[in-house]
Protein chains: 2
Amino acid sequence: MPPRMIDVAKRADVALSTVSYALNGTRPVSASTRRRIMRAMEELGYRPNALARGLASKRTRILALLFPTPERGLGVTEMEFVTGAADAAREHGYHLMLAPSELRDIHELEHLTGQGLIDGALVMEVRLDDERVDLLGQAGLPFSMIGRTSDPGTISYADIDFEQTTRDAIAHLMELGHRCVGFLNHSPSALSVGYGPTVRAAEGFRRAASDAGIAHIERPCGDNAAAGKAAFHELRASSPELTALVVMNERAVIGVMNALDEISWRVPDDFSIVSIVSSTRVTEMMRPQLTTLEPPSTELGRLGVQILLDQLERPHDEPLPPTQKLLPCRLVVGASSGPPPAR
Amino acid sequence: MPPRMIDVAKRADVALSTVSYALNGTRPVSASTRRRIMRAMEELGYRPNALARGLASKRTRILALLFPTPERGLGVTEMEFVTGAADAAREHGYHLMLAPSELRDIHELEHLTGQGLIDGALVMEVRLDDERVDLLGQAGLPFSMIGRTSDPGTISYADIDFEQTTRDAIAHLMELGHRCVGFLNHSPSALSVGYGPTVRAAEGFRRAASDAGIAHIERPCGDNAAAGKAAFHELRASSPELTALVVMNERAVIGVMNALDEISWRVPDDFSIVSIVSSTRVTEMMRPQLTTLEPPSTELGRLGVQILLDQLERPHDEPLPPTQKLLPCRLVVGASSGPPPAR
DNA sequence: TTGTAAGCGTTATCAA
DNA sequence: TTGATAACGCTTACAA
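Residues numbered from 1 in each chain as written. Chains lettered and ligands numbered in written order. Predicted model: local features only at pLDDT ≥ 70, side-chain atom pairs only at ≥ 80, totals over all residues. Heavy atoms only, no water.

Caption draft 1: Expanded view of helix H7 (residues 131–139) of chain A. Residues and elements named next belong to chain A. Of all the residues in H7, the buried ones are Arg132, Val133, Leu135 and Leu136. Relative to the axis of H7, the buried residues are bounded by an arc of 165 degrees and lie together on one face. Structurally, H7 contributes buried residues whose contacts are with strand S1 (62–66), helix H6 (106–114), strand S3 (120–123) and strand S4 (143–146). Where H7 terminates, the next one or two residues include Gly140, which has phi positive at roughly 75 degrees. (Buried < 20%, exposed > 50% of the residue type's maximum accessible area, 1.4 Å probe, protein only. Helix = DSSP H or I, 4+ residues; strand = E, 2+ residues; numbered from the N terminus. Arc of directions from axis to C-beta. Contact = heavy atoms within 4.5 Å.)

Caption draft 2: Quick peek at the protein's contact with DNA strand D. Around DNA strand D sit 26 residues in total, of which Thr18 and Arg27 of chain A together with Met5, Ser20 and Tyr46 of chain B are the nearest. In DNA strand D, atoms within 4 Å of the protein come 57% from sugar and phosphate. The separation between a phosphate oxygen of DNA strand D and a polar side-chain atom of Tyr46 of chain B is 2.5 Å. At the level of secondary structure, the elements contributing two or more residues to the surface near DNA strand D comprise helix H2 (16–24) and helix H4 (50–57) of chain A together with helix H2 (16–24) and helix H4 (50–57) of chain B. (Near = heavy atom within 4 Å. Polar contact = N/O pair within 3.5 Å; in protein donor to acceptor, adjacent residues only side chain to side chain.)

Caption draft 3: Highlighting the pattern of salt bridges. Residue and element names in this part refer to chain A. Considering all chains together, one arrives at 31 salt bridges over all chains under this definition. Of the charged contacts, one joins Arg330 and Glu294 as a salt bridge, the two residues approaching to 2.8 Å between their closest N and O atoms. Within this pair, whereas Arg330 is found in strand S12 (residues 330–332), its partner Glu294 is found in strand S10 (residues 291–294), the two being separated by 36 residues in sequence. When salt bridges with common partners are traced through the structure, they connect Glu163, Arg167, Arg207 and Asp211 into a single cluster. (Salt bridge = Lys/Arg side-chain N within 4 Å of Asp/Glu carboxyl O.)

Caption draft 4: Layout of the relation of the copies chain A and chain B. Once turned by 180 degrees and shifted 0.0 Å along the axis, chain A lies on chain B with an RMSD of 0.1 Å. Taken together, the rotation and translation describe the operation of a two-fold axis. Judged by C-alpha distance, Met97 of chain A is the residue of chain A that lies nearest the rotation axis, at 2.1 Å. Taken as a fraction of all interface residues of chain A, those also at the interface in chain B reach 100%, which identifies the copy contact as same-surface. (Least-squares fit on C-alpha atoms with pLDDT ≥ 70 in both.)

Caption draft 5: A look at the protein's contact with DNA strand C. Around DNA strand C lies a shell of 28 residues, among which Ser20 and Tyr21 of chain A together with Ala15, Ser17 and Arg27 of chain B are the nearest. Note that a phosphate oxygen of DNA strand C is positioned 3.1 Å from one of the side-chain N or O atoms of Asn24 of chain A. Take Lys58 of chain B: an N or O atom from its side chain is 3.2 Å from a sugar or linking oxygen of DNA strand C. Ranked by residues supplied to the surface near DNA strand C, first place goes to H2 of chain A with five residues. The residue makeup of the surface near DNA strand C, split by class, is 13 nonpolar, nine polar and six charged. (Nonpolar A, V, L, I, M, F, W, Y, C, P; charged D, E, K, R; others polar.)

Caption draft 6: Empty space enclosed by the protein, seen in detail. Applying the stated criterion across every chain, the model contains three cavities of 30 Å³ or more. What lines the largest cavity is a set of 13 residues, and nearest its centre among them are Val76, Arg281 and Val282 of chain A together with Val76 and Val282 of chain B. For the lining of the largest cavity, the secondary structure elements donating two or more residues are helix H12 (250–262) and helix H13 (280–283) of chain A together with helix H12 (250–262) and helix H13 (280–283) of chain B. Grouping the amino acids of the lining of the largest cavity by side-chain chemistry returns six nonpolar, one polar and six charged. (1 Å grid on protein atoms, 1.4 Å probe; cavity = no way out; pocket = protein on both sides within 12 Å on 5 of 7 lines; lining within 4 Å. Points joined across faces, edges and corners; volume = space filled by probe spheres on them.)

Caption draft 7: A look at the interface of chain A and chain B. Contacts between the two partners involve 51 residues from chain A and, on the opposite side, 51 residues from chain B. Note on chain A versus chain B: buried area summed over both sides is about 4,700 Å², and carbon and sulfur give 63% of it. A per-residue breakdown of the area chain A buries against chain B is headed by Leu51, Met285 and Arg287 of chain A, which together make up 18% of the total. Remark: the boundary between chain A and chain B carries two salt bridges. Between Asp261 of chain B and Arg287 of chain A there is a salt bridge, with its nearest N and O atoms 3.2 Å apart. Across the chain A-chain B interface, the total number found is eleven residue pairs in polar contact (both at pLDDT 80 or more). Secondary structure elements with two or more residues in the side of chain A that touches chain B: H4, helix H5 (76–91), strand S2 (95–99), H6, H12 and H13 of chain A. The leading source of residues in the side of chain A that touches chain B is H5 of chain A, at eight residues. The residue makeup of the side of chain A that touches chain B, split by class, is 25 nonpolar, 13 polar and 13 charged. (Buried area = accessible area lost by both parts, 1.4 Å probe.)

Caption draft 8: The environment of Leu312 of chain B, seen in detail. Residue and element names in this part refer to chain B. Among the secondary structure elements, Leu312 is positioned in helix H14 (residues 297–313). A relative accessible area of 15% means that Leu312 is categorised as buried. On a C-alpha basis, the gap between Leu312 and Ser30 in space is 30 Å, while along the polypeptide they are 282 residues apart. Aside from chain neighbours lying at most four places away, what touches Leu312 is Leu63, Tyr94, Asp119 and Pro142.

Caption draft 9: Spatial organisation of the packing of helix H6 (residues 106–114) of chain B against helix H7 (residues 131–139) of chain B. Residue and element names in this part refer to chain B. Put simply, H6 and H7 touch, their axes get as near as 11 Å, and they point 30 degrees apart. Compared by their axis directions, H6 and H7 come out roughly parallel. Crossing of H6 over H7 shows right-handed handedness. Facing Ile106, Leu109, Glu110 and Thr113 of H6, the residues of H7 in contact are Glu131, Arg132, Leu135, Leu136 and Ala139. Split into classes, the residues belonging to the contact of H6 with H7 amount to five nonpolar, one polar and three charged. (Axes fitted to C-alpha atoms, helices over the stretch in contact; angles between N-to-C directions. Parallel < 35°, antiparallel > 145°, perpendicular 65-115°, else oblique. Left-handed = near helix turned anticlockwise from the far one by under 90°.)

Caption draft 10: Here's a closer look at the sheet that holds strand S8 (residues 244–247) of chain B. Residue and element names in this part refer to chain B. With mixed pairing, the six strands of this open sheet are ordered in space as S7-S6-S8-S9-S10-S12. Two strands close off the open sheet at either side, each with one partner strand: strand S7 (216–219) and strand S12 (330–332). Taking the axes of each pair of neighbouring strands and ignoring which way they run, one obtains an average angle of 20 degrees across the sheet. Against the sheet, H12 engages strand S6 (181–184), S8 and strand S9 (272–276), with an angle of about 175 degrees to S9. (Pairing = 2+ DSSP bridges.)

Caption draft 11: View of the sheet that holds S1 of chain A. Pairing within the open sheet is mixed, and its twelve strands lie in the order S11(A)-S5(A)-S4(A)-S3(A)-S1(A)-S2(A)-S2(B)-S1(B)-S3(B)-S4(B)-S5(B)-S11(B). At either margin of the open sheet sits one strand with a lone partner, and together these are strand S11 (324–327) of chain A together with strand S11 (324–327) of chain B. With strand direction ignored, the average angle separating the axes of adjacent strands in the sheet is 20 degrees. Bridge count between S2 of chain A and strand S2 (residues 95–99) of chain B: three bridges; the pairing is antiparallel. Across the sheet, residue Leu98 of chain A finds its bridge partner in S2 of chain B, namely Leu96 of chain B. Against the sheet, H7 of chain A makes contact with S1, S3 and S4 of chain A, and its axis sits at roughly 165 degrees relative to S4 of chain A, the strand it touches most.

As structure tokens, then:
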């Protein structure tokens, strides 16, 4: 029912193929015929059929976004990955398809790649050792990651610079005078499955603390308020000299605040808190507003797509050096960090 | 390079079409040939090409999710719409494509619908009067809404029951003894562009208050803490008898809490707050934890897809009564609502 | 129950 | 600079 290319061709009085060439610029077309063709297209309200085009050209201009949906649901940061990626894709004339892939059903991934529906994939929530990445590699499907495996090799990625982020958090606290800073991480299970951010933040903190010449006290912590509260109490019992905490756990940090309340410590007078890799959308909701190292989530989403498209649109014979980028978090000073108490 | 249907046919020693019929169940195939075909498919690792299938059958099994990205970004609730929709789509063997559509670029929508790429669309963030909805209607593309226009007619939708939600909020507060309850809504601009939830919540609150025989005091409010704070002070100045506030504005509610702090009022002893249509993911982060009417976001996303698929998979000759569903929010009692003070 | 063949709407090769 | 026409990989009448 919608006009086809042949209809345009007839109306412009040219061959079908000429319309195709005019449309794609794959071959020179004289200015006058091009004009006629364009007019015909306008008049008919012609839109090229994406399926037919994809079938014939073997390029669909569709990208897949692989995102697992963890038990707890996704947060603001993840939403920003998605919108950033979707925006970037659109700007480049691509579509973004959502592929909710649990790590378990690798079959769905095979299904997806085998369908010939997508030109490439963007992988979110990457683990240090990630089957999906292996599979995509085997499938020969171009892809990039938001995050990275332990050994990315020649795979392109955009990730947060956790080394820098933990360093910045410690530096901020040391400038304020703190000399004993703890680190509250994500859950033990995130750590044990090798979730990238969890592992790298721990390593980064360790190194940064050691470089700064301060003791490093760290703990994983369940992703909920109760766990955060318990963790704080334990941390304080075992390390009473602690004057500040770097927290990479949005759900637990509230528990820490509650624990402080319980012992009538005020933030930041008696204790300082810096939340890392958490959106200000969230930390603004807390009182006092948390000092935060905010991840460039939207930017990471955009970058992930750009990196992928670089691969896709590079001529196949050229060498393709992977693009691997680490972006820093931005320090947003709130009201949860101040000089240590004179105890 | 990947195996095609003809390869399967040859290996199973049947005609190409028989493979197709076996695959789709469009026509009876004897058990034995079907077995041979299945085996051949397995052995070859055959995956049907989605593009070719779509081109020939005029059905792609791809759904579009239309979501505008407002200035402030999307929140947890919106993310849940997305994951719910994506999950439901996958369960039914469909793909979900993200179409970040600003209201302005109606052209992109035309582009999308004209491409023959999608079977139907799911529209998010619907306004009372929404061009996108009009356009989809004209384009003849099946679609459903999460939310609804002022006059949905025969368009299928799943939306929050704002009437019920505001009623529940007021009922909760009245049970506690409150007799003068105010309502803090979204921004004036959301109201003026006719954003569905904003308008309906206001209407719902008005009716519920009137039915309950209490005064209704309401105000729109900018989506940020400063505006929330100012709004509270103004509200209190003009209506000093207020003992509680129903708030449908996640970003402003923190400002209200700050304002209460300023005048040394404690929550809930001196003043109660009920946050409506906001995720517990967010209200759990606040101290005291807010009493909330939590929207069934994931469910709405799922339902939106199901409703759409009902339309799509119904035989075209049958009459198709639209499915229009309103879902209630769930009351989660936190620590921000209690009996009114004995002033 | 199975086979044959005509599309589906493009791209891209080969000629002119 | 342009035109025919063979793929692309499948669905679906129409025949047998």
